[in-house]
Amino acid sequence: MIIVSDKAKERILELKKEEGRSENENVRVSVKGGGCSGLMYDLGFDANIVETDHVFEDKGVKILVDRKSLLYLAGTVLEFSDGLNGKGFQFINPNASRTCGCGESFSV
């Protein structure tokens, strides 16, 4: 399961409205190879749900995760920060043994 913080939910809803996204577009979270720590998070909107997707809903936000990425993302909290140290979505991942300074890549 992926947990969505209140701030992340607010920002997702704002982005959907700003970008003119339809109601059937959901948030897709995946893990890809790359980054300075070996694995990178990928976050975007997607209207397509495939048979192998795992679908989670938290605070009214539907999250789509492919089977492979789920192994790395179980228990992750999707957070949004707009503070002095940077603005953007952050992943608080209990499975990560190491993360890079910017928080966009990790290793297990």
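Residues numbered from 1 in each chain as written. Predicted model: local features only at pLDDT ≥ 70, side-chain atom pairs only at ≥ 80, totals over all residues. Heavy atoms only, no water.

Caption draft 1: Expanded view of the environment of Asn-26. Position of Asn-26 relative to the elements: it lies in strand 2 (residues 26–33). A relative accessible area of 10% places Asn-26 in the buried class. Along the backbone, Asn-26 and Val-55 are 29 residues apart, and their C-alpha atoms lie at a distance of 9.6 Å. Asn-26 has contacts with Gly-44, Phe-45, Asp-46, Ile-49, Lys-62 and Leu-64, leaving out every residue within four places of it along the chain. (Helix = DSSP H or I, 4+ residues; strand = E, 2+ residues; numbered from the N terminus. Buried < 20%, exposed > 50% of the residue type's maximum accessible area, 1.4 Å probe, protein only. Contact = heavy atoms within 4.5 Å.)

Caption draft 2: Representation of the nonpolar core within the structure. Val-29, Ile-63, Val-65 and Leu-73 are the most contacted members of the largest nonpolar core, which totals 18 residues. Elements represented by at least two residues in this core include exactly helix 1 (6–18), strand 2, strand 3 (39–46), strand 5 (61–65), helix 2 (67–73) and strand 6 (77–83). Setting aside residues up to four positions removed in sequence, Ile-63 forms contacts with Ile-2, Val-4, Val-27, Val-29, His-54, Val-55 and Phe-56. (Core = buried A, V, L, I, M, F, W, Y, C linked by side-chain atoms within 4.5 Å.)

Caption draft 3: Structural detail: the layout of surface pockets. Counted as a void, the second largest pocket has a volume near 210 Å³. Together, 14 residues line the second largest pocket, and Leu-13, Lys-16, Glu-23, Glu-25 and Gly-60 are the ones closest to its centre. When residues of the lining of the second largest pocket are traced back to their parent elements, those giving at least two are helix 1, strand 2 and strand 5. Tallying contributions element by element places helix 1 first for the lining of the second largest pocket, with four residues. Residue composition of the lining of the second largest pocket, grouped by class: five nonpolar, two polar and seven charged. (1 Å grid on protein atoms, 1.4 Å probe; cavity = no way out; pocket = protein on both sides within 12 Å on 5 of 7 lines; lining within 4 Å. Points joined across faces, edges and corners; volume = space filled by probe spheres on them. Nonpolar A, V, L, I, M, F, W, Y, C, P; charged D, E, K, R; others polar.)

Caption draft 4: Molecular detail of helix 1. For helix 1, built from 13 residues, the straight-helix expectation of 18 Å at 1.5 Å per residue is met to within 8% by its first-to-last C-alpha distance of 18 Å. Phi for Gly-20, located one or two positions after helix 1, is positive at around 65°. (Expected span 1.5 Å × (residues − 1).)

Caption draft 5: Looking closely at the packing of aromatic side chains. Per the counting criterion, the structure on display carries two aromatic pairs. Between the aromatic rings of Tyr-41 and Phe-91, the centroid separation amounts to 4.0 Å while the plane-to-plane angle is 15°, which identifies the pairing as stacked. Taken together, the residues Tyr-41 in strand 3 and Phe-91 in strand 7 (residues 86–92) connect sequence positions 50 residues apart. For the residue pair Tyr-41 and Phe-91, the accessibility class agrees, reading buried in each case. Residues Phe-80 and Phe-89 carry aromatic rings whose centres are separated by 5.0 Å and whose planes lie at 65° to one another, so their mutual orientation is edge-to-face. Residue class for Phe-80 comes out buried when judged on its relative accessible area of 9%. (Phe/Tyr/Trp six-rings, centres within 6.5 Å; stacked < 30°, edge-to-face > 60°.)

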